[in-house]
Amino acid sequence: MAEKLNGTLVRLEVESVTPGTWLLVSEETSQTERLNVDKIDVTSKDNGGWREEIPGLKSGENTFEVLVDRATSAGKINYSALRAMLLSREIKNWRIRIDATQDIGVTFKGFLTSCETTAEMENAYRASLGLSITTQPVEGNLTA
């Protein structure tokens, strides 16, 4: 049976202007990670009419569905700050804490590529965040 993630324990965090201090973006309701490798065409006359390709540069993007706060509170980043980060095109340190009770997860550098909000009346404020990965993600202990 496949391992299930407890959505109440998974956290998206961004490093604040104070190095080593992490701000909680919010609780995730879903996440999609997309990793890609470009193809480089190296076809020549010697390939017998077959296209020949080799792997090129790697890239990646994460898409998150999250619950966000509009108000400012200690230890969290609110939607206005996320929106400002998107518009300023800042590259930041990010981490996805897989289990809030343990220091395990994934860290990487990246920048926001999209912010889309949904405000249904009488429900939590939701956002879809697109995050471009600019360094190789590192999985493991977050305090190491």
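Now for a look at the structure at hand. (Residues numbered from 1 in each chain as written. Predicted model: local features only at pLDDT ≥ 70, side-chain atom pairs only at ≥ 80, totals over all residues. Heavy atoms only, no water.)

**Notes on the pattern of salt bridges**
Evaluation of the coordinates by the stated rule reveals five salt bridges. When the shortest N-O distance is used, the salt bridge between Glu-13 and Arg-97 registers 3.5 Å. Placement of the pair is Glu-13 in strand β1 (residues 11-15) and Arg-97 in strand β4 (residues 92-97), with a sequence separation of 84 residues. Accessibility classification places Glu-13 together with Arg-97 in one group, the buried group. Linking Glu-90 and Lys-92 is a salt bridge whose minimum nitrogen-to-oxygen distance equals 3.8 Å. (Salt bridge = Lys/Arg side-chain N within 4 Å of Asp/Glu carboxyl O. Helix = DSSP H or I, 4+ residues; strand = E, 2+ residues; numbered from the N terminus. Buried < 20%, exposed > 50% of the residue type's maximum accessible area, 1.4 Å probe, protein only.)

**Digging into the side chain of Ser-132**
Within the fold, Ser-132 resides in strand β6 (residues 126-133). Judged by its relative accessible area of 15%, Ser-132 falls in the buried class. Not counting the four nearest positions on each side in its chain, Ser-132 is found in contact with Gly-60, Glu-61, Lys-109, Gly-110, Phe-111 and Thr-113. (Contact = heavy atoms within 4.5 Å.)

**Points about the environment of Leu-35**
Relative to the helices and strands, Leu-35 resides in strand β2 (residues 22-41). With residues near it in sequence (within four places) discarded, Leu-35 still touches Ser-59, Gly-60 and Ile-133.

**Thoughts on helix α1 (residues 79-88)**
Along α1, the residues classified as buried are Tyr-79, Leu-82, Met-85 and Leu-86. One side of α1 holds all its buried residues, which, seen down the axis, span an arc of 120 degrees. Tucked inside the fold, the buried residues of α1 contact β1, β2, β4, β5 (104-118) and β6. N-capping of α1 is provided by Asn-78, with a side-chain oxygen placed 3.3 Å from the backbone N of Ser-80. A positive backbone phi angle near 60 degrees is found at Arg-89, which sits one or two residues after α1. (Arc of directions from axis to C-beta. Polar contact = N/O pair within 3.5 Å; in protein donor to acceptor, adjacent residues only side chain to side chain.)

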